[in-house]
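Fold and contact review
Here is what each chain is made of, one letter per residue.
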Number of protein chains: 2
Amino acid sequence: MKRTLYDLAGEDPACRFSPFCWRSRLALAHKGLDADVVPWRFTERDRLGFSGQDRVPVLVDGERVVADSWAIACWLEDRYPDRPSLFDGDGGRAVSRFVNVWADSELHPQVARMVVADIPSLLAPADRAYFHESREQRFGMALERVSADRAERVESFRRELLHPLRTMLGQQPWLGGEAPVYADYIVFGAFQWARVGSAFELLEKDDPVAMWRERVLDLHGGLARATPARSAAAATASAAAA
Amino acid sequence: MKRTLYDLAGEDPACRFSPFCWRSRLALAHKGLDADVVPWRFTERDRLGFSGQDRVPVLVDGERVVADSWAIACWLEDRYPDRPSLFDGDGGRAVSRFVNVWADSELHPQVARMVVADIPSLLAPADRAYFHESREQRFGMALERVSADRAERVESFRRELLHPLRTMLGQQPWLGGEAPVYADYIVFGAFQWARVGSAFELLEKDDPVAMWRERVLDLHGGLARATPARSAAAATASAAAA
């Protein structure tokens, strides 16, 4: 059966940095399910018309169309119950929603502020204009200003926002306990977004959160690691060209 | 088999306000397990000597002594697997740890700042001196000053800190999904601490978080509701006497 995941891409179609799409890619890999992960760009709304909305990830699984990363995880869990579980029980599914809303409303806004200025230089020209306009409207200022104080901001991000995650990872190796579950992918998505989209480093090497991030990068044959981290040199050259 | 839970009490032995002890009391009720819930006061460290540490909750379950609310929940889940589950699966247990560390490190400090000044007037005289000294050392200022700005502070507490919880409760009635689990009790403990310990209201009535709090108060025959909320009149009289 044919399975397709629409995934946000930069001008280089191999550049995949959407945190929500990474949740779904890792969920598919966790289930051991193949999919064509096709590049999609912000301004290609027509191509998603069939899904009834205009954002990725969108999964087409045979006849079924599923939009939204949480809905995709639930679909995969229910449709493929004999594959490795994403939630490890109904309680895991219910409580993972807390992690999902925490990531969306606490983690993502802080990561966004630190990396958003680096994103336009990755994008195809039409997307670049769209992104600049929509994000500057959202933040109410030029993107360069949004990210300007990140060297200071990252200190409280590490110390305060990541404190619960770090504490937990001192008690168990994964959010899922002894093995990764979807909650790990939810949180990892934000770090992969920053890793692929920006050369700015969110974590110190000896942070237990950074060590966990390395473990997720190794999962499923190194799926997430296969998309390269952005290098400082490339980011500078690309920004100059943009 | 005899089962005893040591629970923090005020001068009035019926006044039970420890957020951690409430986690354990509701966990016992969820499992349908009886226990003598005996009052203990901060300065009665000798009485806990048998447990190898000096804080409550401590559960004595037959021959077994278990300290720390998380350890108690895990003990009950493993020892009584045929009773209603606190975690609803291994994934629920693992991911509930995130809720546990989030509550301890994000929710509790903010609630503490808003209610701490009201606690001494509830305490037995020896505890009152201990509490004042230890908490003023922790906060680095007089307790009255710690809580002085709570009328403003509660606004950001509601709007920001509770945002993920509120969003989640818009998607499902309990942290556990269709039914409460231990994650609900973890978070509820903080609200019960404020409810019993202070007349200061953390929540607006029409907040989905307040409606969920009412639902938890109704659980297990209204166990948590049976400990009265502190009234503004009593708090004032008691503070004046203290």
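Our subject in this report is the structure included herewith. Quantities reported herein were computed from a predicted structural model and do not represent experimental measurements.

**Comments concerning the overall build of chain A**
Of regular secondary structure, chain A possesses ten helices and four strands. Moving toward the C terminus, one meets the helices and strands of chain A in the order β-α-β-β-β-α-α-α-α-α-α-α-α-α. Relative to its length of 242 residues, chain A is compact, with a C-alpha radius of gyration of 17 Å against a globular reference of 18 Å. Each of the three principal axes of chain A carries a C-alpha extent, and together these read 50 × 45 × 30 Å. Across the 242 residues in chain A, those meeting the buried criterion constitute 54%. A fraction of 69% describes how many contacts in chain A between residues 6 or more apart in sequence connect residues 24 or more apart. If you average the places of the 31 positive and of the 35 negative side-chain charges in chain A, the two averages end up 1 Å apart.

**Observations concerning the interface of chain A and chain B**
Taken together, the contact between chain A and chain B spans 29 residues of the former and 29 residues of the latter. Overall, the association of chain A and chain B removes approximately 2,200 Å² of surface from exposure, summing both partners, and the carbon and sulfur fraction of that is 71%. Ranking the residues of chain A by area buried against chain B places V95(A), R97(A) and F98(A) at the top, with a combined share of 29%. Inspection of the chain A/chain B interface yields zero salt bridges. Across the chain A-chain B interface, the total number found is six residue pairs in polar contact (both at pLDDT 80 or more). Secondary structure elements with two or more residues in the side of chain A that touches chain B: α3 (90–115) and α7 (163–169) of chain A. Sorting elements by how many residues they give to the side of chain A that touches chain B places α3(A) first, with 13 residues.

**A word on the sheet that holds strand β4 (residues 64–67) of chain A**
Residue and element names in this part refer to chain A. Strand order in the open sheet formed by four strands is β2-β1-β3-β4, with mixed pairing between adjacent strands. Edge positions in the sheet fall to β2 (36–40) and β4, since each of these pairs with one other strand and no more. Each adjacent strand pair in this sheet contributes to an overall mean axis angle of 20 degrees, direction not counted. Pairing geometry for strand β1 (residues 3–8) and β2, over five bridges, is parallel. Bridge assignment links T4 to a residue of β2, and that residue is D36. Running at roughly 150 degrees to β1, helix α1 (residues 19–30) makes contact with β1, β2 and β3 (58–61) of the sheet.

Cut-offs applied
Residues numbered from 1 in each chain as written. Chains lettered and ligands numbered in written order. Predicted model: local features only at pLDDT ≥ 70, side-chain atom pairs only at ≥ 80, totals over all residues. Heavy atoms only, no water. Helix = DSSP H or I, 4+ residues; strand = E, 2+ residues; numbered from the N terminus. Rg over C-alpha atoms; globule rule 2.2 N^0.38 Å. Buried < 20%, exposed > 50% of the residue type's maximum accessible area, 1.4 Å probe, protein only. Contact = heavy atoms within 4.5 Å. Lys, Arg positive; Asp, Glu negative; His and termini not counted. Charge placed at Lys NZ, Arg CZ, Asp CG, Glu CD. Buried area = accessible area lost by both parts, 1.4 Å probe. Salt bridge = Lys/Arg side-chain N within 4 Å of Asp/Glu carboxyl O. Polar contact = N/O pair within 3.5 Å; in protein donor to acceptor, adjacent residues only side chain to side chain. Pairing = 2+ DSSP bridges. Axes fitted to C-alpha atoms, helices over the stretch in contact; angles between N-to-C directions.

So far we have only geometry, and geometry alone does not tell us how the molecule works.
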